[in-house]
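Here's the letter readout for the chains.
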Amino acid sequence: MPYLTGFEKKAAPPGLNEALDKLQKLLGPRFSTAEADRILGGKDFWPLTSIWFMEGKIASLPDAIVWPESADETAAIIKIAREYKVPVIPFGEGSGVLGGITAVNGGIVIDMKRMNRIIEIDEESLLVTVETGINGEILERKLQEKGFTLRHTPQSVRCSTLGGWISCRAAGQFSTKYGKIEDMLTALTVVLPDGSIFRSTIAPRSAAGPRIDQLFLGAEGTLGVVTQAVLKIHRRPEKQIRRSFTFATVEDALQAVREMLQNNVKPAVVRIYDANETRMHFPDLEAAQDKLMLVLVIEGAALLADAESQLAQICCEKYQAVDCGPEPVEHWFQSRFNISISSHLIQNGLVFDTMEVAAPWSKIAPLYHGVIKALKEVPGTISAGGHFSHVYHDGACLYLSVAGAPDAAARETYYHQIWDAALKTTMDMGGTCSHHHGVGLNRGRFMQQELGEAGFSLLKAVKKALDPDNIMNPGKIGLGGE
Ligand SMILES: Cc1cc2nc3c(=O)[nH]c(=O)nc-3n(C[C@H](O)[C@H](O)[C@H](O)COP(=O)(O)OP(=O)(O)OC[C@H]3O[C@@H](n4cnc5c(N)ncnc54)[C@H](O)[C@@H]3O)c2cc1C
C-alpha cells in the first residue's frame, strides 16, 4: 500500500492512460507498468522509507517506468508528460538518502541507466564527455583503463550515477584536492520541462552572463533531466602518501587542518573522526582511545606530495598531535565502503541516520558541540557523533551519525525530532543545512530558513517559469507537492 507522510496523493491526471499508451508506442519494451519495476523505481535509501518498508509500507508507486536511450528520446517522453500533465521523476540508481525519487503524485519514472556511454575523452584538455546514467564505479574503471581518473569517490560510488551526483551536488572521499562534483563539471546537457534541449558551452570559464547551467546543479530533477556532462579528469597520481595523527580536542584538530588548507596544502582525503567515531573505527589502536583521529591521503607529483606531507606534519605538530603512521589509513581504505552497521541497526528496530552540514571555520567547532548536544537531548537518542569529512580554504563539512531507540510507535516522530534538532541548530549557528546529500523530501521543510524569504521566492519563481505545470519531480527541494 503506497504510504507517504505529509502528502495526499492527488487523483491521477485525466489523460494518464492516454499518456501511458503513447509512451508504450514510443518505447516498446523500454516501458513498464509491472509492479516489481514500479516498486524498485519508487524507493531510495531514505532511512524513513526503510523504516516504513520494515513495517510493510511502500513509500510510493509511480504509474510507469521508462528507459530512454538518448536526449531526444528523453525530450519526447517529457513532451508527452507535459501534454497530459503527468509527473516525471528522473531516476539514477536510487541511492539518494532523502526521498528524492519518491513519486508523491505518481507519474512516470525516467530511469537513466541506459544512457551510460562515454562519448569522448579530450586527452589534451583532460575532459570527458559522458552520459549521466553511467554508474560511478564503471565510469572510474573505464577512465583508469586509459590512465585517467575522475577522483570522485562517494561512499555510494558503486550504486549511484553521474546524473544523481550532479542533481544532489555530491561529494567524494577525495574532495579536498579534487573538489565536489560541481567543481568537476565543465558543461552539461539538460532536457527542459517543455522538451527543449539546453547544451552549455564547453569552456574553462565564461563571462557570458550568469552561468545558467548552474541552475541544474542540486535541482534534483525539479527543473529538467540532465542527460550529458563534460567533466574534468586527471592523470593518475605519481605518488600517494598515507598519514594519520591523533589530537586531544576537536579545536586542535580543526585548527591544524585549517592551517594546512590556508597554506595551500591540499591532501586528497582529510577526515577528522571525533572521539566517539575514533573509538568505533579504530578500537584496537591504543594511542587513539579518547582522542580524535585525523586521516590524510596526500597525492600528486612526487615532489609536491613530499612537500605537502612535510607541511601537514608541521601543522599537526603545532597542535601536539601524535603521529600514528600509515596503518589507520590502510584500515580506512579497507573499510571505507562498509555500511553494514546502519542496515543492521534499522533491521533491529532502531532509528539511524546520517546528516551532513557545513560552516565556515569560525563557526564549525561551536556548531559541532551545539549539534551533538541538541541530538543527545532528543529523548530516545542512544548515540550521536560525527566526523569532518570535506574541508576547504574557508570551512568544513560536519558529517553526523545518530542512533535512537524510541518506542516502536514513536519511531517516525523521533525521526523528525532528530532532524529538527540538528538542522535548526545548524542554521541558527550559521551553517548550511546540507553539504552533499541534497534536500529530497526530508529537508524540504528547512528550505525557507536556509534560503531566506527572498531566496525561497526566487527558487519558486524559477520553478514556475521553467515548469508551470509542476510536472518535474513534484514535492522536492521544498517546492511542495501541490
Ligand atoms: C551507502 C551510501 C553512501 C553514500 N555516500 C555518499 C557520499 O559519500 N557522498 C555523497 O555525495 N552522497 C552519498 N550518498 C548519497 C547518494 O549516493 C547521492 O545523493 C547520489 O548522488 C545519488 O545518486 P543516484 O544516481 O543514486 O541518484 P537517485 O537517488 O536516483 O536520485 C537522486 C536525485 O537526483 C535526481 N536525478 C537523478 N538522476 C538525474 C538526472 N539525470 N537528471 C536530473 N535529475 C536526476 C532524482 O530525481 C533525485 O531527485 C550515499 C548514499 C548511500 C546509500
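Please read all numbers here as calculations on a predicted model, not as lab measurements.

Participant: Could you give me a rundown of the side chain of glutamate 259, with the residues and numbers involved?
Facilitator: Positionally, glutamate 259 belongs in helix H9 (residues 250-262). For glutamate 259, a relative accessible area of 14% gives the class buried. Look past the residues within four positions of glutamate 259 in its chain and what remains in contact with it is Cys315, Lys318 and Tyr319.

Participant: How would you sum up the domain arrangement of the protein? Please name residues and give values.
Facilitator: What the domain assignment lists for the protein is domain 1 (16-113), domain 2 (118-235), domain 3 (239-335) and domain 4 (340-437). One C-alpha centre belongs to domain 3, the other to domain 4; they are set 23 Å apart. Between domain 3 and domain 4, the residue contacts involve 14 residues of the former and 17 residues of the latter. Summing the contributions of domain 3 and of domain 4, the shared interface buries around 1500 Å²; its carbon and sulfur component is 60%. Interface area lost by domain 3 to domain 4 is led by Leu254, Asp274 and Glu277, which between them contribute 30%. Here domain 3 is connected to domain 4 by zero salt bridges.

Participant: Kindly report on the pairing of strand E18 (residues 395-404), identifying the contributing residues and their values.
Facilitator: When you tally the buried positions in E18, you get ten out of ten residues, the bulk of the element. A two-sided burial pattern is seen for E18, the buried positions comprising Gly395, Cys397, Tyr399, Ser401 and Ala403 on one face and Ala396, Leu398, Leu400, Val402 and Gly404 on the other. In this sheet, E18 lies alongside strand E16 (residues 351-360) in antiparallel orientation, the contact comprising ten bridges. Residue pairing for E18: valine 351 is matched across the bridge by glycine 404. Relative to E18, strand E17 (residues 381-391) runs antiparallel, the two being bridged by nine bridges.

Participant: Describe the sheet that holds strand E6 (residues 127-131), naming the residues involved and giving the relevant values.
Facilitator: The strand order E5-E6-E10-E8-E9 describes an open sheet built from five strands, whose pairing is antiparallel. Only two strands of the sheet have a single partner each, and these edge strands are strand E5 (118-122) and strand E9 (197-199). Averaged over neighbouring strand pairs, the angle between their axes works out to 10° when direction is ignored. Relative to E9, strand E8 (residues 185-191) runs antiparallel, the two sharing three bridges. Looking at E9, one finds that threonine 189 is bridged to arginine 199. Seen against the sheet, helix H5 (residues 136-145) touches E5, E6 and strand E10 (225-232) and runs at an angle of roughly 40° to E5.

Rules and cut-offs
- Residues numbered from 1 in each chain as written.
- Predicted model: local features only at pLDDT ≥ 70, side-chain atom pairs only at ≥ 80, totals over all residues.
- Heavy atoms only, no water.
- Helix = DSSP H or I, 4+ residues; strand = E, 2+ residues; numbered from the N terminus.
- Buried < 20%, exposed > 50% of the residue type's maximum accessible area, 1.4 Å probe, protein only.
- Contact = heavy atoms within 4.5 Å.
- Domains from an automatic or database assignment.
- Buried area = accessible area lost by both parts, 1.4 Å probe.
- Salt bridge = Lys/Arg side-chain N within 4 Å of Asp/Glu carboxyl O.
- Pairing = 2+ DSSP bridges.
- Axes fitted to C-alpha atoms, helices over the stretch in contact; angles between N-to-C directions.

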